[in-house]
Amino acid sequence: MINQVGRDIPDVYLKDGVEPFQGIYYRDDYEYTKAAPTVHAYVKPNGDKLVDSIHDVLIKSGLKDGMTISFHHHLRDGDFVVNLVMKEIHKLGIKNLTVCASSLGRAHNYLVPCIEDGTVTGISTSGIRDEIGEVISAGKLKHPAIIRSHGGRARAIEDGSVKIDVAFIGASTSDAYGNASGKGGQSDTGVLSYADGDAKYADKVVIITDKIVAAPNFPASIKGVDVDYVVKVDSIGDASKIASGALRLTKDTRELNMAKEVAKCMYHSGYFKNGFTFQTGAGGSSLATTSFLKAYMAKDNIKCGWAMGGITEPIVNLFNEGFVNKVLDDQAFDLAAVASAHTKGHFEISASQYANPFNKGAFVNQLNFVILGALEVDTAFNVNVVQGSNGVLRGAPGGHPDTAAGADVSIIVAPLIRSRMPTVRDRVTSVTTPGESIDIVVTDYGVAVNPKRQDLLKAFADTDIPLKTIEELRDLAYQYAGKPEPVEFDDQVVALVEYRDGTIIDVIRKPKRLNYSQKALDKF
Amino acid sequence: MTVINRIRRSMIFLNTQRAALVKDAFVYKPDCVILDLEDAVAAGEKDSARIQLYQTLKNVDYQGVERWVRVNALDSDLINEDIRAAVAGGIDGIRLPKTETAAEIQAVAKKIEAAEKEFGKKVGSTMMMAAIESPLGIMNAYEIATADKSRMMGIALSAGDFTRTMHAKRTVAGTELFVARSQLLMAARAAGIMAFDTVYTDTDNEPGFKKELQLIKDMGFDGKSCINPKQIGVTHEVFNPTVQEIAHAEHILEAVQNSKDNGVGVLTVDGKMVDIAWVEGSQRTLKLAKAAGIYKGALV
């Protein structure tokens, strides 16, 4: 069936209530019954929940073939937890598992041999990158992977689309009863926002930490009342890869010029008022936008009500300097963000509070601005942030579709051409975020406004914002880089791109002639 | 007269060897680019850079940014081909490095004329500018500036070689360049052409760069040679008339017009004495502001 963004979704995936994408607010006012976990009561005072090893906790949790396990990605590229758990599962010979992760990256490459030998046969995640991206693109995973946004994952857990049997939650610190936090340890993540739903909705909840602290470990991101077991390991991660030092602020004039245009669009949009709210990413231009925004705020004596999202040092600086009143944090990207988390005015929010479309109103709904990146944008303003132009999975929706749908003004910032690949093109390789929710595309060659936003076009008319139509940007990109030949795909569907409301917005097929090598396997 | 009067606050050098750089340097919005075939290009890459120059001129729409080429020196065996490729591609102007005498300008003008005829371009359509890099060049600056009245757009100081041959040291204050800058500027003004200052090589030192820009703007230079895209915005910022300067210029022009109507010669504007001699400067300020897109009024 062809869905609302013109993508052909094979009928085989449209069953058990799964529908094709039908517009960003199609499921507004949707009525459903929330899922609930099956739990075991701890009536008798048992002292503590400590278990000696991951092996032992796998036995105690009752993990068996066909179950679903979950992980979060707050440990980012420094994560040891996924591989520690998967290696023990491998040893036990448990098969046919589904991994429900908030995101996966190069720290999780041990999943590759698990996929190859059928230990893992299903995956749902936001990010699919690196060797995991290659192995899934090559069609090695038994069932198509499900790519979910951060809000979409929270929804899927709460509405029962995903039933987590055992959640493994890496935490910087925990007390013996499972009150766990992203602060105070040797591998701090600041917050544990993406594990909140896992702890509340999984049947069994396991905390994995490398630092046990005295009770109560408050403020606790994960509450002990939701936790079955606590395992202490030598190390949950490589601190240097979890929260990096200050992210390098770009000196690239092209990126700075784009950032300047983004800030200018925000300033002239009509939404730049006292108490405005925004989210920006950690990419070069997104990050640089904050400094230009600060200049506008200082000029007009405007304060930001709250900034949200993955939090970085520039946001923390704006907060400390009084330009931003409050910080809503679902992920800490650097040491400054980790240090600031849970200080006065810097609040941790759960993935559901952040972006779930099916609760009673997530914070994304209250965003004025979001600044987002893109691998590709098409002339219908559809954005792809998941699939490389060679067809291989190499990205993550993260909160992209969620914030774009929620914010008053969603701004994409991307260079018009990357190496020799046009970013703006006739048709994106796959749709992650529908054009219906994208308002402005800022490139190094000019700025395109979605024609449905006549208000913005009017607001920008008397400014020096270099306005172009999206078609003009495409033509420029093609003039310089040539029109790309479409990538050829086999019929095999290797991943489903789920929109945040659970409908299917696109499917990803196996690229033809994908040269997947054994090198990934040889390492293990 | 083929020289085009326009705003030339920034002229950025681009290494023509680098295709990724020259394919779209207009996105940085300089007033002019100088596609370099001389010092930036490795000795073994001169031919490929020249081919790159021709293809760039032919295929890239620079969107109104003026395109100059810095050819190799007159005593090199490369300059003839450099000029042929540039003229064939339709370059706006040719910058001659290491210029010391008027005769050199005339020799290059002849080569340009030959190329214009060879490639069917209008004779005299290619502008010229001279980079002056030596004490002898500075001594001859006026003769150089007036060597070809139809082609010469401007002269530029190049401080690297100049300070070396002067046995001087580059200083932050620029004392060692003061006379050279002054003399070059005077020659340009006497000849009625434009004057450009040398590059600022400490690209990470924005405060130092700004200070130097302010100095040369106050001296009277028209623009500055840049070596990094990030210098362009700052250069324009300093060279653009300020809001106060624009307002003051408007007040002067309006007041002078009114006083002319009333038969008064000297008057006071914004607390300062003003006479007819101020009109030209005020017009220049507003023209510059208009060209920079920051003045939309109708007084110029």
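Source: prediction; values computed, not measured.

J.: What is the right way to look at the UniProt feature "domain: HpcH/HpaI aldolase/citrate lyase" (unreviewed entry) in chain B in this model?
T.: Here the UniProt-annotated "domain: HpcH/HpaI aldolase/citrate lyase" (unreviewed entry) positions come out as residues 9-229 of chain B. Secondary structure across residues 9-229 of chain B comprises 41% helix and 18% strand; the distance between its end C-alpha atoms is 13 Å.

J.: Sorry if this is basic, but what is going on with the domain arrangement of chain A here?
T.: Residue and element names in this part refer to chain A. Segmenting chain A into domains produces domain 1 (47-241) and domain 2 (253-481). Between the C-alpha centres of domain 1 and domain 2 there is a distance of 29 Å. If you look at the interface, domain 1 gives 33 residues, while domain 2 gives 32 residues. Contact between domain 1 and domain 2 buries roughly 2400 Å² in total, counting both sides, with carbon and sulfur atoms accounting for 58%. Applying the counting criterion to the domain 1 and domain 2 interface returns 0 salt bridges. Counting every contact that joins domain 1 to domain 2 gives 21 residue pairs in polar contact (both at pLDDT 80 or more). Taken together, the elements giving at least two residues each to the side of domain 1 that touches domain 2 come down to α4 (130-137) and α5 (150-159). A total of 7 residues in the side of domain 1 that touches domain 2 trace back to one element, the largest contributor, which is α5. Of the residues belonging to the side of domain 1 that touches domain 2, the class tally is 8 nonpolar, 15 polar and 10 charged.

J.: Before we go on, may I ask you to explain the environment of Ala199 of chain A in this structure?
T.: Residues and elements named next belong to chain A. Following the sequence through the fold, Ala199 ends up in helix α6 (residues 196-201). Once the C-alpha coordinates of Ala199 and Gln4 are considered, the two residues, 195 residues apart in sequence, prove to be 35 Å apart. With residues near it in sequence (within four places) discarded, Ala199 still touches Ile169, Val205, Ile222 and Asp226.

J.: Any chance you could explain the domain arrangement of chain B here in plain terms?
T.: Frequently, the measure chosen for interface size is the accessible area that the parts lose on association. Assigned domains of chain B: these are domain 1 (10-239) and domain 2 (243-292). The C-alpha-based centres of domain 1 of chain B and domain 2 of chain B are spaced at 33 Å.

J.: Whenever I open this one, the UniProt feature "binding site: Mg(2+)" (unreviewed entry) in chain B confuses me. Can you help?
T.: Residue and element names in this part refer to chain B. According to UniProt, the positions carrying the feature "binding site: Mg(2+)" (unreviewed entry) are Glu133 and Asp161. Across 29 residues of sequence, these annotated residues stay compact in space, with a maximum C-alpha separation of 5.5 Å. Relative to the helices and strands, Glu133 resides in the loop between β5 (127-132) and α5 (135-139). A relative accessible area of 7% means that Glu133 is categorised as buried. Setting aside residues no more than four positions away along its own chain, Glu133 makes contact with Pro97, Lys98, Thr99, Ser158, Asp161, Phe162 and Thr165. Reaching out from Glu133, the side chain makes a polar contact with the backbone nitrogen of Lys98 at a distance of 2.9 Å. Note on placement: Asp161 falls in helix α7 (residues 159-165). Classification of Asp161 by relative accessible area gives partly exposed; the value is 23%.

J.: I tried to follow the interface of chain A and chain B on my own but got confused; where do I start?
T.: The partner chain B presents 13 residues to the 9 residues of chain A that form the contact. The three residues of chain A that bury the most area against chain B are Thr253, Arg254 and Tyr480 of chain A, which together make up 48% of that side's buried surface. At the surface where chain A touches chain B, the tally comes to 2 salt bridges. Across the pair Asp24 of chain B and Arg254 of chain A runs a salt bridge, and its minimum N-O distance is 2.7 Å. Of all elements in the fold, only α8 (253-268) and α15 (470-481) of chain A reach the threshold of two or more residues within the side of chain A that touches chain B. Residue composition of the side of chain A that touches chain B, by class: 3 nonpolar, 3 polar and 3 charged.

J.: Just to check I follow, could you spell out the sheet that holds strand β3 (residues 66-70) of chain B for this structure?
T.: Consider a sheet: its strands pair through backbone hydrogen bonds, and that pairing is either parallel or antiparallel. Residues and elements named next belong to chain B. Read once around its circumference, the closed barrel built from 8 strands follows the order β1-β2-β3-β4-β5-β6-β7-β8, with strand pairing classed as parallel. Neighbour-to-neighbour, the strand axes of the sheet open up by a mean angle of 25°, direction not taken into account. Pairing of strand β2 (residues 32-36) with β3, which is carried by 5 bridges, proceeds in the parallel orientation. Directly across from Cys32, in β3, lies its bridge partner Glu66. On the sheet, helix α8 (residues 178-191) packs against β5, β6 (152-157) and β7 (194-197) and is oriented at approximately 160° with respect to β7.

J.: What am I meant to see in the packing of α8 of chain B against helix α9 (residues 206-219) of chain B here?
T.: In a pair of packed helices, the angle between the axes and the distance between the axes together describe the arrangement. Residue and element names in this part refer to chain B. Running from amino to carboxyl end, α8 crosses α9 at an angle of 40°, the nearest separation of the two axes being 11 Å. As judged from the angle between their axes, α8 and α9 are oblique. Seen from above, α8 lies across α9 with right-handed handedness. Every residue of α9 that contacts α8 at Phe178, Arg181, Ser182 and Leu185 is listed here: Glu212, Leu215, Ile216 and Met219.

J.: Please explain the pattern of salt bridges as it appears in this structure.
T.: Where charged atoms from two side chains of opposite charge come close, those side chains can pair. This structure, assessed with the given rule, holds 52 salt bridges over all chains. Through salt bridges that share partners, Arg170, Glu176, Arg181, Asp197, Glu212 and Lys224 of chain B make up one connected network.

J.: Just checking my understanding: could you explain the packing of aromatic side chains for this structure?
T.: To describe a pair of aromatic rings, you give the distance between the ring centres and the angle between the ring planes. Residues and elements named next belong to chain A. Counted according to the given criterion, the structure contains 17 aromatic pairs over all chains. On the basis of an interplanar angle of 40° and a centroid distance of 5.4 Å, the ring pair of Tyr32 and Phe358 is categorised as tilted. Placement of Tyr32 in the segment before β1 (50-51) and of Phe358 in the loop between α12 (351-355) and β15 (369-372) is noted, with a sequence separation of 326 residues between them. A residue is classified by how much of its surface remains accessible, and Tyr32, at 22% relative accessible area, is partly exposed. Ring geometry for Trp306 and Phe363: centres 5.5 Å apart, planes at 80°, overall edge-to-face. Here Trp306, found in strand β12 (residues 304-311), pairs with Phe363, found in the loop between α12 and β15; they are 57 residues apart in sequence, far enough to count as distant. For Phe363, a relative accessible area of 22% corresponds to the partly exposed category. Every member of this aromatic cluster is reached through a ring pair, and the members are Tyr267, Tyr271, Phe272, Phe276, Phe278, Tyr296 and Phe369. The lysine or arginine in question, Lys303, covers the ring of Phe323, its NZ or CZ lying 5.8 Å from the ring centre.

J.: Where do I start with the sheet that holds strand β13 (residues 324-332) of chain A in this structure?
T.: Residue and element names in this part refer to chain A. Spatially, β14-β13-β12-β11-β15-β18-β22-β23-β24 is the arrangement adopted by the 9 strands of the open sheet, whose pairing is mixed. Edge positions in the sheet fall to β14 (346-348) and β24 (467-468), since each has one partner strand and no second. As paired elements, strand β23 (residues 446-449) and β24 share 2 bridges and run parallel to each other. Across the sheet, Val447 pairs through a bridge with Leu467, a residue of β24. Its contacts with the sheet place α8 against β11 (276-280), β15, β18 (409-413), β22 (440-443) and β23, and it is angled at close to 150° to β22. In the packing of helix α10 (residues 313-320) onto the sheet, the strands contacted are β11, β12, β13 and β14, and the crossing angle to β13 comes to about 155°.

Reading the values: the criteria
Residues numbered from 1 in each chain as written. Chains lettered and ligands numbered in written order. Predicted model: local features only at pLDDT ≥ 70, side-chain atom pairs only at ≥ 80, totals over all residues. Heavy atoms only, no water. UniProt positions renumbered as here; feature names shortened; annotations may be inferred. Helix = DSSP H or I, 4+ residues; strand = E, 2+ residues; numbered from the N terminus. Domains from an automatic or database assignment. Contact = heavy atoms within 4.5 Å. Buried area = accessible area lost by both parts, 1.4 Å probe. Salt bridge = Lys/Arg side-chain N within 4 Å of Asp/Glu carboxyl O. Polar contact = N/O pair within 3.5 Å; in protein donor to acceptor, adjacent residues only side chain to side chain. Nonpolar A, V, L, I, M, F, W, Y, C, P; charged D, E, K, R; others polar. Buried < 20%, exposed > 50% of the residue type's maximum accessible area, 1.4 Å probe, protein only. Pairing = 2+ DSSP bridges. Axes fitted to C-alpha atoms, helices over the stretch in contact; angles between N-to-C directions. Parallel < 35°, antiparallel > 145°, perpendicular 65-115°, else oblique. Left-handed = near helix turned anticlockwise from the far one by under 90°. Phe/Tyr/Trp six-rings, centres within 6.5 Å; stacked < 30°, edge-to-face > 60°. Lys NZ or Arg CZ within 6 Å of the ring centre and 35° of its normal.

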